[in-house]
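Each chain is listed here by its residues.
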Amino acid sequence: MKTKKALMIIIDGAADRPVQALGGKTPLEVAKTPNLDRVAKEGICGLLDSLAPGKKGGSDTAIMSILGYNPYEIYTGRGPIEVAGVGIKLEKGDVSLRCNYSTIDENMTILNRTADYVREGTDELEKALNEQISLSNPDIKFQFRNSADYRCVFHLRGNGLSANITDADPYHEGEKILEVKPIDGSREAKKAADLVNEFVNKSYKVLNNHPVNLKRKKEGKPPANVIVPRGSGETPKMENFYQRWKIKGACIAGIGLIKGLGYLSGMEVINVKGATGYIDTDYIGKAKAALKALEKNDFVVLHIEGTDEVSHDKKFKEKIEAIEETDNMIGFILANISKDVILTILSDHTTSCDYGDHTADPTPIVIWGEGLFSDDVDIFTERAMIKGMIRRIKGQDVMPILLDAMNRSEKFGA
Ligand SMILES: [Zn+2]
């Protein structure tokens, strides 16, 4: 049998619970999605528990699982994945954290967790932080890098560090930045915690009166005047994607999270200009890059983040729009995809617009391609999927099913 290639489109947090303001319908049920519906009608459908039934995942653990890794064995926190996502090559013993540019007052109380999604001027802020801050321990090297928009990363390298430390981020506006503390009482964790606290305090001194922020204040915008780290973790041991599945993989994403999983698993990471990680991303640009990447790779994962972002903000109207934009992108892909490519589309977890966070409800998955079955499902919604042939599977079932659809699975037995 001729082997095939595969394109996996992950629409982050696209699945929802019934939304009150939509009369109990979900954004996927309300959005006009002729292309998603076509794929559902022509392909095989089902529901996906990215971790397991009732287990609520973050995007990182959910997508690790969907790419065929066991997050319960290898996950060490989101920090390292985000740090890997900016292209820093992680080593054993490193401590990695993800951060936000935030707005605080002089009492270190968070007024705006994302400095109103700050985007402009962050290159200059990044430069200033790296040039003007030195840490009190000269044996430890730090790197601070921007990721996307208000997201950034902080990385420590040197002997005798432990990542076992708490977050500086209180996660709620109106609360003070927390002092980072060692979780296990070890000297190594204390050393890392002290350095992170030092960086947070120094970041405020560098940023508060930086010209970029003086301009923001003048324009009535919240200044990006502090770096707030969280999600500390050691470097995870992630097996190389090619070694694991014997297929060459590439990934396209607007946010560091997916790029990080790509780098950590040794995939080709393709940066697309205009891919923002928000609802204003260049959908068609990403689609074109994915189709091009399929020429040289066996497997391409294309990640859309905007749907999740607006769900966390409880913006169901924007979620419907983001789903429709994604649908339009899928239309472009369907018009241009080669016949030897299997397409799979899924949501990595549910993000409830009413609740503003992830839930453990299972999410839609469809696998589509020439020579595969089609089933009785003809729309891409949470509710319709259970009638499909895939029924209900776990995240780690996805790659084996996909490899079989690609005629690349190995036979067990004679
Ligand atoms: Zn997600």
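Everything numeric here is computed off the predicted structure, so don't read it as measured data.

### Remarks on the overall build of the protein chain
Thinking step 1. Scanning the protein chain for helices and strands turns up 14 helices and 15 strands.
Thinking step 2. For the protein chain, the C-alpha radius of gyration of 22 Å lies close to 22 Å, the compact-globule estimate for 414 residues.
Thinking step 3. Seen along its three principal axes, the alpha-carbon backbone of the protein chain occupies a region of about 60 × 50 × 35 Å.
Thinking step 4. Going through the 414 residues of the protein chain one by one, you find that 53% of them count as buried.

### Details of the environment of Lys176
Thinking step 1. Locating Lys176 in the fold gives a position in the loop between β6 (151-157) and α7 (187-207).
Thinking step 2. Separated by 150 residues in the primary sequence, Lys176 and Thr26 have C-alpha atoms spaced 35 Å apart.
Thinking step 3. In contact with Lys176, other than residues within four places in its own chain, are Asn107, Met108, Thr109 and Pro170.

### Topic: the packing of helix α3 (residues 59-66) against helix α10 (residues 256-264)
Thinking step 1. Contact geometry for α3 and α10: axes closest at 10 Å, N-to-C directions at 40°. Overall, the two elements α3 and α10 adopt an arrangement that is oblique. As for the relative orientation of α3 and α10, their crossing is right-handed in sense. In contact with Ser59, Asp60, Ile63 and Met64 of α3, α10 contributes Leu257, Ile258 and Leu261.
Thinking step 2. Residue classes in the contact of α3 with α10 are distributed as five nonpolar, one polar and one charged.

### Quick notes on the domain arrangement of the protein chain
Thinking step 1. One can read the domain layout of the protein chain as domain 1 (5-75 + 237-405) and domain 2 (83-233).
Thinking step 2. For domain 1 and domain 2, the distance between their C-alpha centroids amounts to 30 Å.
Thinking step 3. The partner domain 2 presents nine residues to the 11 residues of domain 1 that form the contact.
Thinking step 4. Considered class by class, the residues forming the side of domain 1 that touches domain 2 number five nonpolar, five polar and one charged.

### Side note on the environment of Asn130
Thinking step 1. Following the sequence through the fold, Asn130 ends up in helix α6 (residues 122-132).
Thinking step 2. Overall, the presence of 14 C-beta atoms within 10 Å leaves Asn130 in the partly exposed class.
Thinking step 3. Distance in space between the C-alpha atoms of Asn130 and Asn407 is 49 Å, their sequence separation being 277 residues.

### Things to note about the pairing of strand β11 (residues 341-346)
Thinking step 1. With six of six residues buried, β11 lies mostly within the body of the structure.
Thinking step 2. Residues Val341, Leu343 and Ile345 line one face of β11 and the alternating positions Ile342, Thr344 and Leu346 line the opposite face, and both faces are buried.
Thinking step 3. Of the strand pairs in this sheet, strand β1 (residues 5-11) and β11 are connected by six bridges, and their pairing is parallel. Within β11, the residue paired with Lys5 across the bridge is Val341.
Thinking step 4. Relative to strand β14 (residues 363-368), β11 is paired through four bridges, and the arrangement is antiparallel.

Reading the values: rules and limits
Residues numbered from 1 in each chain as written. Predicted model: local features only at pLDDT ≥ 70, side-chain atom pairs only at ≥ 80, totals over all residues. Helix = DSSP H or I, 4+ residues; strand = E, 2+ residues; numbered from the N terminus. Rg over C-alpha atoms; globule rule 2.2 N^0.38 Å. Buried ≥ 20, exposed ≤ 12 C-beta atoms within 10 Å, placed from the backbone. Contact = placed C-beta atoms within 7 Å. Axes fitted to C-alpha atoms, helices over the stretch in contact; angles between N-to-C directions. Parallel < 35°, antiparallel > 145°, perpendicular 65-115°, else oblique. Left-handed = near helix turned anticlockwise from the far one by under 90°. Nonpolar A, V, L, I, M, F, W, Y, C, P; charged D, E, K, R; others polar. Domains from an automatic or database assignment. Pairing = 2+ DSSP bridges.

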